[in-house]
Amino acid sequence: YSGLFFGRGLSAGDMNGDGADELLAGATSFSPGGLSYPGAAFLYSEWDDHLHACDESRLNPPSDTLGYSRRSTSFGYSASLEGDSNGDGYQDAVIGCPGCAVPECPECGAVVSWLGGVSPSFGPDEALVLGPTSDGYPGLDNGIGLRMATADLDADGFDDLVLGAGYGPVVYYGSPTGLDAST
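The paragraphs below set out a description of the structure included in this document. (Residues numbered from 1 in each chain as written. Predicted model: local features only at pLDDT ≥ 70, side-chain atom pairs only at ≥ 80, totals over all residues. Heavy atoms only, no water.)

### Remarks on the overall build of the protein
- Counting its regular elements, the protein contains one helix and eleven strands.
- The helix and strand sequence of the protein, counted from the amino end, reads β-β-β-β-α-β-β-β-β-β-β-β.
- Split into buried and exposed, the 183 residues of the protein put 47% on the buried side.
- A separation of at least 24 residues holds for 49% of the contacts in the protein among residues at least 6 apart in sequence.
- Total accessible area computed for the protein in this model is approximately 8500 Å², and 50% of it derives from carbon and sulfur atoms. (Helix = DSSP H or I, 4+ residues; strand = E, 2+ residues; numbered from the N terminus. Buried < 20%, exposed > 50% of the residue type's maximum accessible area, 1.4 Å probe, protein only. Contact = heavy atoms within 4.5 Å. Areas by Shrake-Rupley, 256 points an atom, 1.4 Å probe, with all protein chains shown as cover.)

### Details of the sheet that holds strand 6 (residues 92-97)
- The strand order across the open sheet built from four strands is 5-6-7-8, with neighbouring strands paired in antiparallel fashion. Since the sheet does not close on itself, it has two edges, and those belong to strand 5 (79-83) and strand 8 (128-130), each with one partner. Taking the axes of each pair of neighbouring strands and ignoring which way they run, one obtains an average angle of 25 degrees across the sheet.
- Taken together, the three bridges between strand 5 and strand 6 define a ladder with antiparallel strand orientation. From the neighbouring strand, S80 faces strand 6, where its bridge partner is V94. (Pairing = 2+ DSSP bridges. Axes fitted to C-alpha atoms, helices over the stretch in contact; angles between N-to-C directions.)

### Brief notes about unusual backbone geometry
- Even without glycine at this site, A155 takes up a positive phi of about 55 degrees.
- With respect to the helices and strands, A155 occurs in the loop between strand 9 (148-151) and strand 10 (160-165).

### Comments concerning the environment of A110
- Examined against the element boundaries, A110 turns out to sit in strand 7 (residues 110-114).
- Sequence-wise, A110 and G143 are 33 residues apart; in three dimensions their C-alpha atoms are separated by 8.1 Å.

### Topic: the packing of aromatic side chains
- In total, this model carries one aromatic pair according to the counting rule given.
- The ring of Y77 carries the charged tip of R8 above its face, separated from the ring centre by 3.8 Å. (Phe/Tyr/Trp six-rings, centres within 6.5 Å; stacked < 30°, edge-to-face > 60°. Lys NZ or Arg CZ within 6 Å of the ring centre and 35° of its normal.)

### With respect to the nonpolar core
- Judged by nonpolar contacts, the single largest core of 20 residues is most densely connected at M15, L24, L43, L59, F75, I95 and W114.
- Taken together, the elements giving at least two residues each to this core come down to strand 3 (40-47), strand 5, strand 6 and strand 7.
- If we ignore the near neighbours within four places in the chain, the residues touching L59 are L24, A41, F42, L43, F75, A93, I95, W114 and F122.
- In terms of nonpolar packing, the next biggest core, distinct from the first, is built from eleven residues, V94, L130, I144 and L161 among them. (Core = buried A, V, L, I, M, F, W, Y, C linked by side-chain atoms within 4.5 Å.)

### Topic: the sheet that holds strand 9
- Strand order in the open sheet formed by three strands is 9-10-11, with antiparallel pairing between adjacent strands. Every interior strand has two partners, whereas the edge strands, strand 9 and strand 11 (168-172), have only one. Neighbour-to-neighbour, the strand axes of the sheet open up by a mean angle of 25 degrees, direction not taken into account.
- Judged from the five bridges that link them, strand 10 and strand 11 form a sheet pairing that is antiparallel. Residue pairing in the sheet places L163 in a bridge with V170 of strand 11.

Spelled out as structure tokens, the structure:
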């Protein structure tokens, strides 16, 4: 992964509940299938005695909604395995994509989230894309996906996701079904 900015986004946590942490790593210059540096994220698990990852999964964003085929979307710029947005006991994966396009704001960026579980699936159909809505955000500029943090801000038992963007933070609240994309 030399030259791919592998590890630009980096986080560890137990996403599948087996008691061992997985490692989530972004590679912002990864070029799958001849695309021009859209980026990628990889989840590593099941370590051997020499700390070599025995299992690698690539997280695949839904390209039709993110402009993923564009050059340099920086998917993988930030990464988090630190929150449990639906309270099921499994940590969720969140990947920042500050160069991704969403229809409501083509240059604002986005984050993509996958729920944790015993056998989590990382396909585009399981991904939740979070970014500007048709209502927009006051003062929003480029940069959704550059910085993020998780915490249970409203003390309801579900971790919330805070994104740094524009002139202030954007918060997506956790719920029994995961992050609420309408907030």
